[in-house]
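Fold and geometry: a report
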Amino acid sequence: MIGATWPARAALLVLLIASFTLFWLRLRKVLAVIQGSHPDPGFTLAPLGPRVRRFLAEVLGQSKVIEQRRLPGIAHAFVFWGFCAFALITVNHIATGFGARFLRPDAGFGEYYYSFVAAWAVLVAVSITGLFIRRFFVQPIWLGKTSPESGIIALLIFTLMISFLGGLWFDENSAGGLAMWWLHTLALVIFLPLIPHTKHLHLLLSPATVFLKREGFSAIPPLSGDEDFGLDTGKDVTRIDALQAFSCVECGRCTEHCPAYNTGKILNPKEIVLGLRDYLKEFGPNAEAPLLGKFISEEAAFQCTTCGSCEFQCPVGIQHLPMIVGLRRGAVNTGKWENEFGAKLFLNLERNGNALGFSSAERQKFIEKNQLPLYDGSQEYCLWLGCMGTYDPQGREIVLSLARVLRYAGVTFGVLRKEKCTGDPARRLGNDLAISQVAEANIEALRAANTSKMVSICPHCVRTIGTDWKEYGGTFQIEHHSELLARVQDRLPARDSSRTRTVFHDPCYLGRYRNIYEEPREIIGRTADVVDPYRSRERSFCCGAGGGQMFLGEEKGKRVNVERAEELVATGAQVIGTACPFCQTMFRDALGVVTQNPPKLLDIAQIVAVSLPAEPPTAPPVPPVPTLA
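The rules we used
- Residues numbered from 1 in each chain as written.
- Predicted model: local features only at pLDDT ≥ 70, side-chain atom pairs only at ≥ 80, totals over all residues.
- Heavy atoms only, no water.
- Pairing = 2+ DSSP bridges.
- Helix = DSSP H or I, 4+ residues; strand = E, 2+ residues; numbered from the N terminus.
- Axes fitted to C-alpha atoms, helices over the stretch in contact; angles between N-to-C directions.
- Contact = heavy atoms within 4.5 Å.
- Disulfide = S-S within 2.5 Å.
- Buried < 20%, exposed > 50% of the residue type's maximum accessible area, 1.4 Å probe, protein only.
- Phe/Tyr/Trp six-rings, centres within 6.5 Å; stacked < 30°, edge-to-face > 60°.
- Patch = residues over 30% accessible without salt bridge, like charges linked within 9 Å, V, L, I, M, F, W, Y side chains within 5 Å.
- Areas by Shrake-Rupley, 256 points an atom, 1.4 Å probe, with all protein chains shown as cover.
- Salt bridge = Lys/Arg side-chain N within 4 Å of Asp/Glu carboxyl O.

As summarised here, the arrangement of the 4 strands in space is E6-E5-E7-E8, forming an open sheet in which the pairing is parallel. The open sheet has two edge strands, strand E6 (528-531) and strand E8 (600-603), and neither has a second partner. Looking at each pair of strands side by side, their axes are set apart by 35° on average, direction ignored. Relative to E6, strand E5 (residues 500-504) is paired through 4 bridges, and the arrangement is parallel. Within E6, the position partnered with Thr500 by the bridge is Ala528. Here helix H25 (residues 581-594) sits on the sheet in contact with strand E7 (575-578) and E8, set at roughly 180° to E8.

Have a look at this one:
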C-alpha cells in the first residue's frame with residue numbers, strides 16, 4: 001500500500017509540516033491585520049436569515065459568479081464545486097499515506113464517490129484550462145496585469161486533477177500509480193502555502209466576506225464618535241474594510257463596469273481595494289499615515305459617480321462604495337480636500353439650503369404660480385420636490401406632469417411649505433456636517449407636518465430620505481413616483497395606436513440601489529413600445545451625475561453622459577425615457593453633442609401626462625391608492 005514504508009511516511013510528514021507552516025506564517029499576518037483593525041460601528045449579525053441565504057446562494061451556489069459573467073463564471077463555479085467534491089478525497093489521500101485510508105476506489109461507498117469525483121476532475125481540468133487561456137492569451141483589459149502566480153496556481157490545479165485521474169487508471173501499487181500519488185501530493189503541498197501569498201487568498205476569506213458584509217446596498221457605516229471623520233488614516237480602517245481588501249480576487253468585474261474607468265478617468269475600483277490592501281501590508285492597522293497618497297489616489301476617489309456597478313458585480317462580497325465614500329469623508333471632514341466646485345456646493349447647502357444655490361423664495365413662487373397644494377396631513381402623499389424638481393426648469397415640468405397624473409388618478413397630495421436639499425451630494429462627497437444640517441432641518445419639518453407617506457421624482461432623494469436619514473433619527477416611508485404610478489396604472493389611459501418607440505434608461509439609484517426595473521417599463525408600455533439600450537437594467541451605464549459629480553465641474557476624459565447618450569441614440573428610438581431628473585439634465589446636455597436631431601427626452605410622468613385628455617373627465621369616485629408593500 002502507498003505510504004506503508006516508514007521512509008515514505010516520514011517524507012510525507014516533513015512535506016506536510018513544511019507546507020502548513022509556510023501557509024500559517026503568511027495567513028496569521030493577514031488575520032492579525034484584520035483582527036487589529038477596529039470594530040465596525042453599529043455592526044450586528046442580526047438578522048441571520050438574510051446572511052445565511054446570501055451565503056448559500058453566492059458562496060455555495062456561486063449565483064453572482066455565474067449570473068454576471070456567464071461562461072467564465074460557470075468555469076469558476078465548476079472549479080469551486082470540484083474543490084468541494086475533492087475535500088473528502090484529499091483527506092483520504094493524506095490518510096492513505098499514513099496507512100489510515102477510509103475510502104477505496106473499488107469497494108463500497110468509495111467506488112461511487114470516486115466515480116462522482118472523477119467526473120468533477122474532468123470538469124475542473126477543462127475549466128481551469130479555459131480560464132488559463134482567457135487570462136494569458138485572450139487577456140481582457142479589465143483583468144489588469146497578468147501575474148505569474150495565476151499561471152502557477154492554474155498549473156497546480158490542472159496537475160491535481162490529472163494526477164487524480166491518472167491514479168484511477170494505474171494500479172495504485174505500480175510504478176505509475178506511485179508516481180501519480182506522489183505527483184498529487186506534491187501539487188497539494190505546493191498549492192497550500194501559495195494561497196495566502198496570492199489573490200487566491202479569497203478561497204479562504206471570501207466566504208466570511210460574503211457572510212459578514214454590511215447589510216444593504218452601498219451601506220455607508222455611521223461614524224463612531226466625535227473623533228471619527230471617516231477613512232483618513234490606517235487607524236480608521238475597520239475589520240470589514242480590511243477583510244474585504246484582502247478578499248479581492250482581482251477579477252476586474254468592477255473595472256469592466258465602472259463608468260469612470262470606461263471614459264478615461266484614472267479611477268479603477270479594483271485599484272482602490274488593492275491600494276487599501278497594499279497600505280495595510282506596508283503600514284499595518286492603526287497606522288498614522290494617510291490613506292490617500294502612496295497607494296490610493298485622491299483624484300481617483302473623487303471621480304466615483306457612486307453608481308454601484310462595482311459593488312453589484314463583485315462576486316466576493318466587497319462593498320466598494322462605503323470604502324470610497326469613507327475615503328472622501330476622511331478627506332472632506334478633516335479639511336484636506338480642496339476643490340472650488342465642492343466648496344461652492346457645500347456653501348450653497350449652508351446658505352441657501354439647496355445644491356443649486358437658488359433663493360428659497362423661488363420655491364415659493366413656483367408653488368404659488370402652479371397652485372400646488374400644501375401638505376396638511378389629510379392628503380395621501382407628501383410630494384417631495386427636491387432641488388431639481390424645485391429649481392430646474394425641466395425638473396419643474398416633471399413635477400407638474402406628475403401632479404396632473406396624480407389628480408387624474410384620484411391621488412391626493414401636497415407639498416411642504418418649506419423644504420431643503422436632502423443632502424445627497426454632500427453625503428456622497430463625504431461632508432457629514434453638511435448633510436446633518438439639512439437632514440435635521442427637513443426631519444423637523446416633516447414631523448411638524450405629521451407626514452406619513454412620501455413620493456418623489458428623484459431616486460437620489462428617495463435613497464437619502466429612506467436610508468441615510470435614519471442616521472439622524474428620521475424614519476419615513478418614501479417611494480419613487482414610478483412605483484406609485486405602476487400601482488395606479490389601471491386608472492390611466494393607454495394608447496393603442498401611434499405608439500412611439502421609447503428607449504428607457506435605468507437610473508442607478510432606482511435600479512441597482514432600489515431594484516426597480518419593471519415599474520417604469522410598465523408605465524411607458526401603456527402608451528409606447530419600450531426598447532432597451534446595449535447596457536440596461538442591473539448593468540445600466542451611469543449618466544454621470546451621481547456622487548456629487550454633477551456639481552464638480554468639467555470631467556477628465558470622455559464625458560460619462562455623452563457615452564451613455566450615444567448608446568441611447570443608437571437604438572433609433574424616437575423618445576428617451578428617464579425616471580430621474582439628474583439623468584434628464586445630463587442627457588439634455590449630452591444629446592446636443594451626440595446628434596443634430598436628438599430624440600425627445602421625457603420623464604415617465606411626462607410620457608403618461610401626454611396621453612391624458614386636456615381636461616380630466618367626470619368620473620365616479622375611484623378606490624383609494626393601494627398602500628406601500
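Turning our attention to the state of the cysteines. Tallied over the entire structure, the rule returns 0 disulfides. Its sulfur unpaired, Cys310 is 6.0 Å from the next cysteine sulfur, which belongs to Cys304. The exposure class assigned to Cys310 is buried, which follows from its relative accessible area of 7%. Cysteine Cys421 remains unbridged, with the sulfur of Cys387 as its closest cysteine sulfur at 3.6 Å.

It is worth spelling out unusual backbone geometry at this point. The omega torsion of the bond from Ala46 to Pro47 falls at -10°, within 30 degrees of zero and hence cis. Inspection of the secondary structure puts Pro47 in the loop between helix H1 (6-36) and helix H2 (48-60). Phi at Arg537 is positive, roughly 55°, even though this residue is not glycine. Locating Arg537 in the fold gives a position in the loop between E6 and helix H24 (560-569). For Arg537, a relative accessible area of 25% puts it in the partly exposed group.

Further remarks concern the sheet that holds strand E4 (residues 477-480). If you walk across this open sheet you meet the 4 strands as E2-E1-E3-E4, and the pairing is parallel. Pairing within the sheet leaves two strands with one partner each, and these edge strands are strand E2 (413-414) and E4. Relative to E2, strand E1 (residues 381-384) runs parallel, the two being bridged by 2 bridges. By the bridge assignment, Tyr381 is partnered in E2 with Phe413.

With that out of the way, let us pick up the packing of aromatic side chains. Scanning the entire structure with this criterion turns up 23 aromatic pairs. Ring centres of Tyr279 and Phe283 lie 4.9 Å apart, and the angle between their planes is 45°; this geometry places the pair in the tilted category. Of this pair, Tyr279 and Phe283 both sit in helix H11 (residues 269-283), 4 residues apart, roughly one helical turn. For the ring pair Phe551 and Phe582, a centre distance of 6.5 Å and an interplane angle of 85° mean the geometry is edge-to-face. Here Phe582 lies in helix H25 and Phe551 lies in the loop between E6 and H24, a separation of 31 residues in the sequence.

A word on a nonpolar patch on the surface. Among the surface-exposed residues, Phe43, Leu45, Leu48, Val52, Leu56 and Leu60 lie close enough to one another that they form a single nonpolar patch of about 490 Å² accessible area. Judged by its relative accessible area of 47%, Leu48 is partly exposed.

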